[in-house]
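Spelled out from the first residue to the last, the chains are:
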Amino acid sequence: RPFSWTPERGGGWREETNPYHSLGDVQMISGCEDHDVSADASGGIGANYRASGGAMTTAFCEVLRVHPAPSYAQLLNEMHRLLSARGMPQRPQLSSSQCLHLDRPFLVDDICSNSNPTIGRTCRRTFPPRPRRMDGPLGGMLGIGAAVVGGLIVGDMLGDAVGGGMLGEGIGGMFDFF
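How each quantity is defined
Residues numbered from 1 in each chain as written. Predicted model: local features only at pLDDT ≥ 70, side-chain atom pairs only at ≥ 80, totals over all residues. Heavy atoms only, no water. Core = buried A, V, L, I, M, F, W, Y, C linked by side-chain atoms within 4.5 Å. Buried < 20%, exposed > 50% of the residue type's maximum accessible area, 1.4 Å probe, protein only. Helix = DSSP H or I, 4+ residues; strand = E, 2+ residues; numbered from the N terminus. Contact = heavy atoms within 4.5 Å. Patch = residues over 30% accessible without salt bridge, like charges linked within 9 Å, V, L, I, M, F, W, Y side chains within 5 Å. Areas by Shrake-Rupley, 256 points an atom, 1.4 Å probe, with all protein chains shown as cover. Salt bridge = Lys/Arg side-chain N within 4 Å of Asp/Glu carboxyl O. Expected span 1.5 Å × (residues − 1). Pairing = 2+ DSSP bridges. Axes fitted to C-alpha atoms, helices over the stretch in contact; angles between N-to-C directions.

Draft legend 1. Representation of the nonpolar core in the model. I29, Y72, L75, M79, L94 and L102 are the most contacted members of the largest nonpolar core, which has 17 residues in total. At the level of secondary structure, the elements contributing two or more residues to this core comprise α1 (55–66) and α2 (72–85). Ignoring anything within four residues of it in the chain, the contact list for L94 reads F3, S4, W5, W13, Q27, M28, I29, Y72, L76 and L102.

Right, dumping it as structure tokens:
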């Protein structure tokens, strides 16, 4: 998603720092901005739905029932209006593989020719790696696994140092079971 529409300050397209431009004509409407959390809808929001589901998806379907071919601007504004009327602060976001005019009708089978000047990755800035903590069940399992393997290696090295070798001939013999 190289481009994101930002409705603030009159609106405009914002290009990612290091975009990857494709030949496709792809649009994505997400339930909120990247740093926000989308709300769930339940208990009869919508015409015939009683099960819980995404508030944005429900608003999207309701707008399309009333306006079968809205412009992108109308679709986003109506979705936001419905969400706000239901007390949900999220604002739907539009991302696209290319800049498009928001007066273009939203149609599932509509494809426009690609207007990107380049295709592929454009690198403008490199980012240093940011290691993340491993929390949760996976982090616990990986930590236990590393401790077991480390214990086997240390035990094999101590056995070699004492003169016997627990699992074979040194660390290289650790995996020689046959």
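This is not the end of the story, as more comes after the structure.
Draft legend 2. Spotlight on a nonpolar patch on the surface. A contiguous nonpolar surface patch, about 430 Å² in accessible area, is contributed by M134, L138, M141 and L142. Considering the arrangement of structural elements, one finds M134 in the loop between β8 (120–121) and α3 (136–162).

Draft legend 3. Region of the structure containing α3. With 27 residues, α3 ought to run about 39 Å at 1.5 Å a step, and its terminal C-alpha atoms sit 39 Å apart, in line with that. The set of residues buried in α3 consists of G139, G155, D156 and G159.

Draft legend 4. Quick look at the sheet that holds strand β1 (residues 3–6). Spatial ordering of the open sheet is given by β2-β1-β7-β4, a layout of 4 strands whose pairing is antiparallel. Of all strands in the sheet, those with a lone pairing partner are β2 (12–15) and β4 (27–30), marking the two edges. Averaged over neighbouring strand pairs, the angle between their axes works out to 30 degrees when direction is ignored. Relative to strand β7 (residues 93–96), β1 runs antiparallel, the two being bridged by 3 bridges. Among the inter-strand pairings, S4 is bridged to a residue of β7, identified as S95. Where α2 meets the sheet, its contacts fall on β4 and β7, and the angle it forms with β4 comes to roughly 15 degrees.

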